[in-house]
Amino acid sequence: MNWNKRLAALSIAVFSLTPVFAQERPIGYWRAHMPYNTAISVAYDGTTVYVATDKTFFTNNTSTNEITPYSKVDGMSDVGMSYVGYDSKTKTAVLAYSNSNIDLFSENSFYNIPDLKLKTV
């Protein structure tokens, strides 16, 4: 057997044993690709920076420099944020939207308070 045939057989063996993944998430799961370059509001708790943009929200852990983005796909209830604040007593970030909707963000999950949005004033 000459070298070309051996190389071809070895290549086929190596590539057939290598797992191939077409996508990270299975069909039916969404991933958001949002702009993160325009901050509207920023809050800080001593280790984490909470940043609000017009369409999304992200956190930046200053000790590990890890950035974690969030969007409606991840549990936010709305878009069009206008303010983010941090309550140190409850360890919760408060996200306010321009339409008066409010999200509370704690332990990587969102809790919606739509009362102001639903009220007619």
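Reading guide: rules and limits
Residues numbered from 1 in each chain as written. Predicted model: local features only at pLDDT ≥ 70, side-chain atom pairs only at ≥ 80, totals over all residues. Heavy atoms only, no water. Helix = DSSP H or I, 4+ residues; strand = E, 2+ residues; numbered from the N terminus. Contact = heavy atoms within 4.5 Å. Areas by Shrake-Rupley, 256 points an atom, 1.4 Å probe, with all protein chains shown as cover. Buried < 20%, exposed > 50% of the residue type's maximum accessible area, 1.4 Å probe, protein only. 1 Å grid on protein atoms, 1.4 Å probe; cavity = no way out; pocket = protein on both sides within 12 Å on 5 of 7 lines; lining within 4 Å. Points joined across faces, edges and corners; volume = space filled by probe spheres on them. Nonpolar A, V, L, I, M, F, W, Y, C, P; charged D, E, K, R; others polar. Core = buried A, V, L, I, M, F, W, Y, C linked by side-chain atoms within 4.5 Å. Polar contact = N/O pair within 3.5 Å; in protein donor to acceptor, adjacent residues only side chain to side chain. Pairing = 2+ DSSP bridges. Axes fitted to C-alpha atoms, helices over the stretch in contact; angles between N-to-C directions.

1. A short note on the overall build of the chain
Here is step 1 of the chain: Tallying secondary structure elements over the chain gives 2 helices and 8 strands in all.
Here is step 2 of the chain: Listed by position from the N terminus, the elements making up the chain come as α-β-β-β-β-β-β-β-β-α.
Here is step 3 of the chain: A separation of at least 24 residues holds for 28% of the contacts in the chain among residues at least 6 apart in sequence.
Here is step 4 of the chain: Surface accessibility of the chain: about 9000 Å² in total, with carbon and sulfur atoms responsible for 58%.

2. Looking at unusual backbone geometry
What you tend to see is this: most non-glycine residues have negative phi, and most peptide bonds are trans.
Here is step 1 of the chain: Even without glycine at this site, Asn-65 takes up a positive phi of about 60 degrees.
Here is step 2 of the chain: Note that Asn-65 resides in the loop between β3 (57–61) and β4 (66–70).
Here is step 3 of the chain: Of the residues examined, Asn-65 reaches a relative accessible area of 58% and is grouped as exposed.
Here is step 4 of the chain: Unlike most non-glycine residues, Lys-91 shows phi in positive territory, near 55 degrees.
Here is step 5 of the chain: For Lys-91, the position within the fold is in the loop between β5 (81–87) and β6 (92–97).

3. Digging into the layout of surface pockets
Here is step 1 of the chain: In this structure, the largest pocket occupies an estimated 220 Å³ of space.
Here is step 2 of the chain: Per-class residue counts for the lining of the largest pocket are 5 nonpolar, 5 polar and 3 charged.

4. Side note on the nonpolar core
Here is step 1 of the chain: Phe-57, Leu-95 and Phe-105 are the most contacted members of the largest nonpolar core, which has 13 residues in total.
Here is step 2 of the chain: Looking at this core, the element that brings in the most residues is β6, giving 3 residues.

5. Notes on the side chain of Asp-78
Here is step 1 of the chain: When you line up the elements, Asp-78 lands in the loop between β4 and β5.
Here is step 2 of the chain: Here Asn-99 takes part through its side chain, which lies 2.7 Å from a polar atom of the side chain of Asp-78.
Here is step 3 of the chain: Reaching out from Asp-78, the side chain makes a polar contact with the side chain of Asn-101 at a distance of 3.2 Å.

6. Quick notes on the sheet that holds strand β8 (residues 109–113)
Here is step 1 of the chain: Pairing is antiparallel in the open sheet, where 4 strands are placed in the order β5-β6-β7-β8. The open sheet is flanked by β5 and β8, the only strands paired with a single partner. Ignoring strand direction, the axes of neighbouring strands in this sheet form an average angle of 25 degrees.
Here is step 2 of the chain: Summarising the sheet, strand β7 (residues 102–106) and β8 pair through 5 bridges and their orientation is antiparallel. Bridge pairing in β8 places Ser-106 opposite Ser-109.

No statement about biological role is implied by the geometric values presented.
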